[in-house]
Each structure stands twice: as C-alpha cells, then as structure tokens.
Amino acid sequence: MPGVRIMMRVAVLLFLVTPVWAGTPVPEIPKGKGQQCVEDTAMMRTNHMEFILHQRDDTMHRGIRTKKHSLKECIECHAVKGDDGMPVSVESPKHFCSVCHRYAAVSIDCFQCHNSKPEIKLTGDRNGQ
Amino acid sequence: MANNDTNIDQYRRRFLERSTAVLAAGVIAPGVFLHTVANARPADEAVTSKVRWGMLVDSGKCKTGCDKCVKACEVENGLTRTGRPEIDAQWIRKVTLKNKQTGHTTSLPMLCQHCAEPPCVDVCPTGASFKRADGIVLVDKHICIGCRYCMMACPYKARSFIHEDITDQKAHAPRGKGTVESCTFCVHRVDKGQSPACVSACDEGAMVFGDMNDPQSEISQRLREVQSMEIRGDLGLNLGVRYQGI
C-alpha cells in the first residue's frame, strides 16, 4: 500500500521537523531495552514495516526464524509496563506501537492476530471474551 | 608360484577391506548427515523438500476417552474456548469408529493430514493456503480473506474458522478473527527440532513423528515394518498422517 507508506514517511518527517515549532505536541517514544535497536533509529522509523513484512514472509513460507527483524523480538524489547507493572497491550496509548501510530493516525492490524505483549506465563481464561 | 599367490591374496584382502570401509562410510554418512539436517536446521536456513514431515498413529495404542493430545494442542497453540463449542477451533480431535456388525470400536486422533496434494491449497483463491517445502500445510493469515473454501474442500474437516476476536495469543501461534486455521504440525517446534505437542503428550506412544524421506528415521522404519493406511486413500492425496490398525 503505497498510500500508507507515503503517509508514514510524512509522519516521520513531521517527527523530525516538529521540535522546531514550539508548543506542538510530539509523541514521547518509550525507550526499548539495550543500547541500540537492530537497525539505526532513523532507518527503523522509516522502514520498520518493510523489515517486518520481509521477515513475515520468510518465516511463514520458508521457515526462516532469525530474530533480527522478527515482530516477536520488537515486542520483547519495546514492552512498556503499565501502572500494575505488567506490559500493556496495544489498546493502551502507552504501548510502543500505539504512541506513534495514534499520533500519526495510521491504524495497524498486526495485533488482530499477533500478541502485542511479550510472552509471560498466563493463567486462567486467556480469551478475555 | 605358491608364494606369489599368497601375496596376491593378501593384497586382495587388504584392498577389499579398505574398499568395504570406504563403502560403509559412504552408505552411513549421508544418513547421519540427513538426520542432523532434519533435527537442527539453522534458523537462517530455508526449509527444503529433502525433508517430508509425517506422522504415524497406532490406533491400537490410542485409548478411548484419552484426550491428552487434544489438551496438549490447545495449551501449546493457545486455543481458547469461546463458551460456544460449535464455533471453537479444533486442530485435533478424538474420533471413535464403531463397526456396526461386530461392535468393535477404534479410537484415533484426527488432525490435518498434511497432504502432498492438498485440496485446500488447490481451491484457495488468494494463495493463503499453502504447502511448505517440507510438506507442512499452513494458512498464511496475512493473505487469508476468510472465504472458507478450504474448509469445504478438506475431506477431513481439519480446518476451523475464527468467528470472534482473540486476545493474548501465543507469540509462536498468531491467530485472529476472520481467518481459517488448522493443525500446523506445531511448525514452531518442528523448526527447533522438536516433535509436535500432541506427539510429546501421548504417554501411550501411539504417535510417531519424523521425516518420511529419511530411510533411517523411526517413522520410515515403522512405515516399512507395519501395515499402515491413509484415510480416504482413494483420493490419492498422499497423506502426511498414516494410521496403523484401522
């Protein structure tokens, strides 16, 4: 979807430009684990969706399970804890993905199937229905 | 002259001994190599058609009323209950067959048969339903539009449609509303060199999982030794799941 891509790029550009305009609200991006992401920050801001998309097809169809560009690893590193000390889901505005995606009004459907929280031992009814 | 003959014999013996050793190494080594590849494929290497994953179920050992394999599948893949059993996803289920004449009953687990010629793949309009090179039949839910053609095409009723929103999925088994899903042979475990959860859970040893292309694997040896059959073998789909004792 080139439209979405262009919108993302505009959004990213906005990030870079906005601090100049005083008073414009900018998203506060939560810090991930470790010193450095798997790619350069600017590279990730512009191209994270491409990396994930590429990895998705490699894993699904060819069984390649490297960790570098895997969504599972994004979730692990960028987990944000809520007030209860547990990682928040994408429903929360604090969630790493939500922070920017809400700001840029770009909706994502990754988490209709994927879990937006890192894997922890779960008990009881996990369906939430 | 006699001395000469002895020398030749000794020479021949040595030659034969050496060539046998070389031959033996040549015969065993590829088997060992294949075994290693099948069990510990590096994470950055793609699957190949050198391997074909398969399962042999011994219905003689499968106990009526035991559903450990079903439970293990649900836990492993995070299959949750909706409260309405008719719409719950079923990747594996227990089936009881009864011979009406003799009253003899047989119990067996029914799951995706991982056909070499899968009808679900044939009918899929988007290419979401596909067979991996190593024979595992999967649904790419990124492409699935939820039309459910595959569910109609499957002779084994192996697929389920997800009717409601799901949360807290397992990271290794993403699943969501509006897509079709079925047994993946626990592909995430297989890629790590492990057996599917159902096979590991079966205390009776009624299920054997392995590479059907490797003549040295347990499943290949068992398939060679015992009489096994494919369910609806008349369809000629070349199934990845074989049954013994039915």
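About the cut-offs
- Residues numbered from 1 in each chain as written.
- Chains lettered and ligands numbered in written order.
- Predicted model: local features only at pLDDT ≥ 70, side-chain atom pairs only at ≥ 80, totals over all residues.
- Helix = DSSP H or I, 4+ residues; strand = E, 2+ residues; numbered from the N terminus.
- Buried ≥ 20, exposed ≤ 12 C-beta atoms within 10 Å, placed from the backbone.
- Contact = placed C-beta atoms within 7 Å.
- Pairing = 2+ DSSP bridges.
- pLDDT = per-residue confidence, 0-100.
- Nonpolar A, V, L, I, M, F, W, Y, C, P; charged D, E, K, R; others polar.
- Bend = angle between axes of the 7 residues up to and from the residue.
- Axes fitted to C-alpha atoms, helices over the stretch in contact; angles between N-to-C directions.
- Arc of directions from axis to C-beta.
- Core = buried A, V, L, I, M, F, W, Y, C linked by C-beta atoms within 7 Å.

Engineer: Run through the overall build of chain A, naming residues and quoting values.
Structural biologist: The number of helices and strands found in chain A is 4 helices and 0 strands. Evaluated residue by residue, chain A yields a buried proportion of 17% over its 129 residues. Within chain A, contacts between residues separated by at least 24 positions form 51% of all contacts whose residues are at least 6 apart in sequence.

Engineer: So what's going on with the pairing of strand E3 (residues 105–111) of chain B? Residues and values would help.
Structural biologist: Strand direction decides the pairing type here: strand E2 (residues 92–98) of chain B and E3(B), joined by 7 bridges, are antiparallel. Across the sheet, residue Ile92(B) finds its bridge partner in E3(B), namely Leu111(B).

Engineer: Talk me through the confidence of the model for chain A; I want residue IDs and the actual numbers.
Structural biologist: Residues and elements named next belong to chain A. Averaged over all residues, the pLDDT of chain A is 85; the fraction at 70 or higher stands at 79%. Across chain A, element-level confidence peaks in helix H4 (residues 96–103) with a mean pLDDT of 96 and bottoms out in helix H1 (residues 2–17) with 64. Below pLDDT 50 for its whole length, residues 122–129 participates in 13 contacts with residues either more than four positions away or in separate chains.

Engineer: Can you lay out the interface of chain A and chain B for me, pointing to particular residues and giving the numbers?
Structural biologist: Each partner contributes to the interface: chain A provides 19 residues, whereas chain B provides 25 residues. Ranked by residue count, the leading element in the side of chain A that touches chain B is helix H2 (residues 41–62) of chain A, at 4 residues. Partitioning the side of chain A that touches chain B into residue classes produces 4 nonpolar, 9 polar and 6 charged.

Engineer: Describe the pairing of strand E10 (residues 241–244) of chain B, with residues and values.
Structural biologist: Residues and elements named next belong to chain B. On E10, burial covers both faces: Val241 and Tyr243 on one face and Arg242 and Gln244 on the other are all buried. Taken together, the 4 bridges between strand E1 (residues 53–58) and E10 define a ladder with parallel strand orientation. Along E10, the bridge assignment pairs Met55 with Val241. Bridging between strand E9 (residues 228–229) and E10 involves 2 bridges; their strand directions are antiparallel. In the sheet register, Ser228 faces E10, and the bridge partner there is Gln244.

Engineer: Give a description of H2(A) that names residues and reports values.
Structural biologist: All names here are of chain A. Asn47 marks where H2 bends most, by close to 75°. If you check which residues of H2 are buried, you get Gln55, Thr59 and Met60. Just beyond H2, the residue with positive phi is Gly63, at close to 70°.

Engineer: If you had to explain the sheet that holds E1(B) to someone new, which residues and values would you point to?
Structural biologist: Residues and elements named next belong to chain B. A sheet is described by the order of its strands in space; here 4 strands give the open sequence E8-E1-E10-E9, paired in mixed fashion. Here the strands that pair on one side only, and so sit at the sheet edges, are strand E8 (207–211) and E9. Against the sheet, helix H7 (residues 218–225) makes contact with E1, E8, E9 and E10, and its axis sits at roughly 115° relative to E8, the strand it touches most.

Engineer: Explain helix H2 (residues 68–77) of chain B residue by residue, including any values.
Structural biologist: Residue and element names in this part refer to chain B. Listed as buried for H2 are Cys69, Cys73, Glu76 and Asn77. What you see down the axis of H2 is that its buried residues fit within an arc of 75°, all on one side. The inward-facing, buried residues of H2 abut E2, E3 and helix H6 (197–201). Downstream of H2 by one or two residues, Gly78 has phi in the positive range, about 65°.

Engineer: An account of unusual backbone geometry is requested, with residue identities and associated values reported.
Structural biologist: Residue and element names in this part refer to chain B. The phi dihedral of His114 falls on the positive side, at around 45°, and the residue is not glycine. Among the secondary structure elements, His114 is positioned in the loop between E3 and helix H3 (119–123). For Arg148, which is not glycine, the phi torsion reads 70° and is therefore positive. With respect to the helices, strands and loops of the structure, Arg148 is situated in the loop between strand E5 (137–139) and helix H4 (149–153).

Engineer: Talk me through the nonpolar core; I want residue IDs and the actual numbers.
Structural biologist: Val57(B), Cys198(B) and Met207(B) are the most contacted members of the largest nonpolar core, which totals 48 residues. When residues of this core are traced back to their parent elements, those giving at least two are E1, H2, E3, E5, helix H5 (187–190), H6, E8 and E10 of chain B. Here the element with the most residues in this core is E1(B); it accounts for 4 residues. Once residues within four sequence positions are removed from consideration, Val57(B) is found in contact with Cys62(B), Leu108(B), Pro109(B), Ala206(B), Met207(B), Val241(B), Tyr243(B) and Gln244(B). Counting 6 residues, the second largest nonpolar core, distinct from the first, contains Cys74(A), Ile75(A), Val90(A) and Phe111(A).

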